[in-house]
Amino acid sequence: MKNLIRNNIKNLQPYACARDEYKGDEGIFLDANENPFGENNRYPDPYQKELKAELSKIKNVETNQIFIGNGSDEVIDLLYRIFCNPGKDKVIVFTPTYGMYEVSAGINDVEVIKIPLTEDFQIEKVSYDAYLNDETIKVMFICSPNNPTGNSIDNDEIEDILKRFKGIVFIDEAYIDFSTKESWLKRLNEFPNLIISQTFSKAWGLAAVRVGIAYSNEEIISYYNKVKPPYNVSKLNQECVLEALKNSKKQEEEISLILKERTKLVEALKGINGVVKIYPSDANFLLIEFQDGNAIYSDLIERKIITRNRSSVVKNTVRISIGTKEENEKLIKEISLIS
Ligand SMILES: Cc1ncc(COP(=O)(O)O)c(C=O)c1O
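The structure presented is a predicted model; accordingly, all values stated were derived computationally and were not measured. (Residues numbered from 1 in each chain as written. Predicted model: local features only at pLDDT ≥ 70, side-chain atom pairs only at ≥ 80, totals over all residues. Heavy atoms only, no water.)

1. Here we look at the sheet that holds strand 5 (residues 168–172)
Which entries qualify depends on this criterion: At least two DSSP bridges between two strands are required for those strands to pair. Here a helix means four or more residues in a row that DSSP labels H or I, a strand means two or more in a row labelled E, and each is numbered from the N terminus. Orientation is described by axes fitted as lines to C-alpha atoms, over the contacting stretch for helices, and by angles from 0 to 180 degrees between their N-to-C directions. Between two residues, a contact is recorded if the distance between any of their heavy atoms is within 4.5 Å.
Taking strand neighbours across the sheet as the criterion, the seven strands line up as 1-7-6-5-4-2-3 in an open arrangement whose pairing is mixed. On the outer flanks of this sheet lie strand 1 (66–69) and strand 3 (111–116), each paired with one strand and no other. Strand-to-strand, the axes of this sheet are offset by a mean angle of 25°, without reference to chain direction. For strand 6 (residues 194–199) and strand 7 (residues 212–215), the ladder comprises four bridges, and the chain directions are antiparallel. From the neighbouring strand, Ile 196 faces strand 7, where its bridge partner is Tyr 215. The strands that helix 3 (residues 49–59) touches are strand 1, strand 6 and strand 7; relative to strand 1, the one it contacts most, it runs at about 125°.

Take a look at the structure:
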């Protein structure tokens, strides 16, 4: 593992904030140049201990195996800063996939090797064989369920990569709560090179709150803590997530509603003229191929229904998030008027 970490990060003296130097809760706090008045006048807990304690119970991992980020987009960006030397190292992404892996690579001046997924959006074994011993490749990103295709990546292929690739395997499970497949979290401790990211933005309905998570081994998490901005998750955001965790029943009900709506939407779309293919989905969205994806996308916009045109990555496709019952009914009504 030590060989994978950038030298400057290994040697970095991290910023010691006031809350690092004095860890107690009681006393008169005159150490952080805060304003003594107000409700939100104090800096938040930099290590989000309460939140991690809750997650540790729910997810059955140690608190020191958890990193909380300002959305999982921060989790992705910090990954580059820990492992990838700008202008030298590379990462692998399996395309089409979530765009931020590449954007973050660009920001960090890291080269991206793109390996196309198969026709049914799976990872083909021979496709990555040639790269397994290249020491400049530091990370392989596997998004499962994958965005924008919606399918989960076969576990056999993921396991093969975890066992044979010497670099970091980053499994993005942003949509895992909508899937029938199990999270890799149960097997976290089997693989020293595994980082799993999850988020509160999707199944938990807290996209505005910006809280993402990385689960890994204690050493990798300690590097995450070393490079993160001191107070990267606000107190308000931590509280919001803690509140949601208290009411996990609400989340389960919402997921089950979304899954029911997904099934209904698939059925309804099958009867629509111009629909060529509905890709199987393990997520809260569908990727749909139309005879003319660009036209459907624009026509829907005119009708004030905003979808995501993915025709530039998968020909003639539009990605549609599952909405409420009323929203989905309106979508089907409008789409049938177009076709
Ligand atoms: C696969 C995937 N990962 C991560 C994210 C970003 O999540 P967050 O809101 O936690 O930054 C998204 C958002 O769409 C996503 O699709």
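2. Concerning a negative patch on the surface
Worth spelling out the cut-off: To count toward a patch, a residue needs a relative accessible area above 30% and no salt bridge. Like charges then connect within 9 Å, nonpolar side chains (Val, Leu, Ile, Met, Phe, Trp, Tyr) within 5 Å. Every accessible area reported is derived by Shrake-Rupley at a probe size of 1.4 Å, with residue values counting cover from the shown protein chains alone. Salt bridges are identified by distance alone: a Lys or Arg side-chain nitrogen within 4 Å of an Asp or Glu carboxyl oxygen. His is not counted, nor are the chain ends; Lys and Arg add positive charge and Asp and Glu add negative charge. By convention, the charge on Lys lies at NZ, on Arg at CZ, on Asp at CG and on Glu at CD. Using a 1.4 Å probe on the protein chains alone, a residue whose accessible area is under 20% of its type maximum counts as buried, one over 50% counts as exposed, and one in between counts as partly exposed.
The grouping of Glu 119, Asp 120, Asp 154 and Asp 156 at the surface amounts to a negative patch. Position of Asp 156 among the secondary structure elements: in helix 7 (residues 155–164). You can call Asp 156 exposed: its relative accessible area is 62%.

3. What to know about the site of the ligand
Going by this rule: The nearness test applies per residue and asks whether one of its heavy atoms lies within 4 Å of the molecule or strand. Any pair of nitrogen or oxygen atoms within 3.5 Å is treated as a polar contact; in protein, a donor-acceptor pairing is required on top of that, and neighbouring residues in sequence qualify only through side-chain atoms on both sides.
By nearness alone, 13 residues border the ligand, and Ser 72, Asp 172, Tyr 175, Thr 199 and Ser 201 come closest of all. In this structure, Ser 72 approaches the ligand through a main-chain N or O atom, which is 2.7 Å from an oxygen atom. Between the ligand and Ser 201 there is a distance of 2.6 Å, counted from an oxygen atom to a side-chain nitrogen or oxygen. Notes on the ligand: free accessible area 400 Å², of which the protein chains cover 92%.

4. Some points on the domain arrangement of the protein
Inclusion rule: What marks off one domain from the next here is an automatic or database domain assignment. Accessible area that two parts lose when put together, evaluated with a 1.4 Å probe and summed over both, is termed the buried area.
What the domain assignment lists for the protein is domain 1 (2–246) and domain 2 (249–338). At the junction of the two partners, domain 1 supplies 18 residues and domain 2 supplies 18 residues. Summed over both partners, the interface of domain 1 with domain 2 buries about 1,400 Å², with 61% contributed by carbon and sulfur atoms. Ranking the residues of domain 1 by area buried against domain 2 places Phe 121, Pro 148 and Phe 178 at the top, with a combined share of 41%. For the pair domain 1 and domain 2, the interface holds four residue pairs in polar contact (both at pLDDT 80 or more).

5. Things to note about the packing of aromatic side chains
Short version of the rule: Only rings of Phe, Tyr and Trp enter the pairing, Trp through its six-membered ring, and a pair is recorded when the two centres are within 6.5 Å. The plane angle decides the type: under 30 degrees is stacked, over 60 is edge-to-face, the rest tilted. In our convention, an over-ring charge means Lys NZ or Arg CZ found within 6 Å of a ring centre and within 35 degrees of that ring's normal.
According to the stated counting rule, one finds twelve aromatic pairs in the structure shown. When the centroid spacing of 5.0 Å and the interplanar angle of 50° are considered together, the rings of Phe 121 and Tyr 279 count as tilted. Of this pair, Phe 121 sits in the loop between strand 3 and helix 6 (125–129) while Tyr 279 sits in the loop between strand 8 (275–278) and strand 9 (285–290), and the two are 158 residues apart along the sequence. With respect to burial, Phe 121 and Tyr 279 carry one shared label: buried. Considering the side-chain rings of Tyr 175 and Phe 285, the 5.0 Å spacing of their centres and the 80° angle between planes classify their relative orientation as edge-to-face. Of the two residues, Tyr 175 is situated in the loop between strand 5 and strand 6 and Phe 285 in strand 9; the sequence distance between them amounts to 110 residues. Accessibility expressed as a relative area gives 6% for Tyr 175, which makes it buried. Ring pairs connect the aromatic residues Tyr 80, Tyr 98, Tyr 101, Phe 141 and Phe 170, which therefore count as one cluster. Just above the ring of Tyr 47 sits the side chain of Lys 228; from NZ or CZ to the centre is 5.2 Å. Across from the ring centre of Phe 285, 5.6 Å away, lies the NZ or CZ of Arg 319, which sits over that ring.

6. Re the pattern of salt bridges
Per the stated rule, a full pass over the model turns up 24 salt bridges. Between Lys 138 and Asp 89 there is a salt bridge, with the nearest N and O atoms lying 2.9 Å from each other. Of this pair, Lys 138 sits in strand 4 (residues 137–143) while Asp 89 sits in the loop between helix 4 (72–83) and strand 2 (90–95), and the two are 49 residues apart along the sequence. Under the relative-accessibility criterion, Lys 138 is labelled buried at 7%. You can call Asp 89 buried: its relative accessible area is 2%. Linking Asp 160 and Arg 164 is a salt bridge whose minimum nitrogen-to-oxygen distance equals 2.8 Å. Of this pair, Asp 160 and Arg 164 both sit in helix 7, four residues apart, which is roughly one turn of that helix. Judged by relative accessible area, Asp 160 falls into the buried class, the value being 16%. Residue class for Arg 164 comes out partly exposed when judged on its relative accessible area of 31%. Via salt bridges that share partners, Arg 19, Asp 31, Glu 34 and Arg 42 belong to a single interconnected network.

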